[in-house]
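# Working through the structure, step by step
So you can see what is in the structure, the chains are spelled out below.
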Amino acid sequence: MSCSRRDLSLFLPALAAAGAAGQPKGMPSRSFRYEDLPVKMNGENSSRDVFKGVNHNGFPIDMHETELAPGKAPHPPHHHAHEELLVLRDGTLEVTILGKTTTVGAGGIVYVNSGEEHGWRNIGTTRARYYVLALGREQA
């Protein structure tokens, strides 16, 4: 079977469209109003899921906000396959990563690599509010 250039020029757009159809589209761009995010209570702590999905390459990303009462932690120290980026909005956290402890104040940022044991606790006298961006967490 032989194909002319003309045949190929008619076939290429269809091939490109078929390839694009197989690509993950990812989450659409949008804004999130804070007051519209549902609140989940966990004892004295609360959280708000902002989004869960994949980017245009199919890479899983999700974000949530947590509000910790003084002296509280969201959970015991742990580790997982995905990375996390924490941005502290208000308060003071004691952050431990691989056994090393630091104190982070409002505006501070924490990055945790895949597989590293980590945890944090509110050591302040007011509630601590922070956002976590999980990079690569498999969607449930």
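Everything below is about the structure shown above.
The notes below deal with the structure included here.

Each value, and the rule that gives it
Residues numbered from 1 in each chain as written. Predicted model: local features only at pLDDT ≥ 70, side-chain atom pairs only at ≥ 80, totals over all residues. Heavy atoms only, no water. Pairing = 2+ DSSP bridges. Helix = DSSP H or I, 4+ residues; strand = E, 2+ residues; numbered from the N terminus. Phe/Tyr/Trp six-rings, centres within 6.5 Å; stacked < 30°, edge-to-face > 60°. Buried < 20%, exposed > 50% of the residue type's maximum accessible area, 1.4 Å probe, protein only. Lys NZ or Arg CZ within 6 Å of the ring centre and 35° of its normal.

### Brief notes about the pairing of strand β6 (residues 100-105)
Two elements, strand β5 (residues 92-97) and β6, share 6 bridges in a ladder whose sense is antiparallel. Residue T92 lies in a different strand from β6, and its bridge partner there is G105. In sequence, β5 turns back onto β6 through a hairpin of 2 residues, with L98 there showing a positive phi of about 50°.

### A few points about the packing of aromatic side chains
Inspection of every chain in the model, using the stated rule, returns 2 aromatic pairs. Ring plane angle 35° and centroid distance 5.7 Å describe the contact between F32 and F51, whose orientation is recorded as tilted. One end of the pair, F32, is in the loop between α1 (5-21) and β1 (39-42); the other, F51, is in strand β2 (residues 45-54), and 19 residues separate them in sequence. With 6.0 Å between their ring centres and 85° between their planes, W120 and Y130 make a pair best called edge-to-face. Of this pair, W120 sits in strand β8 (residues 118-122) while Y130 is found in strand β9 (residues 128-135), placing the two residues 10 residues apart along the sequence. Comparing W120 with Y130 shows no difference in burial state: the two are buried. Across the ring face of Y34, the terminal group of R48 is positioned such that the distance to the ring centre comes to 4.0 Å. When the ring centre of Y34 is taken as reference, the NZ or CZ atom of R89 above it lies at 5.5 Å.

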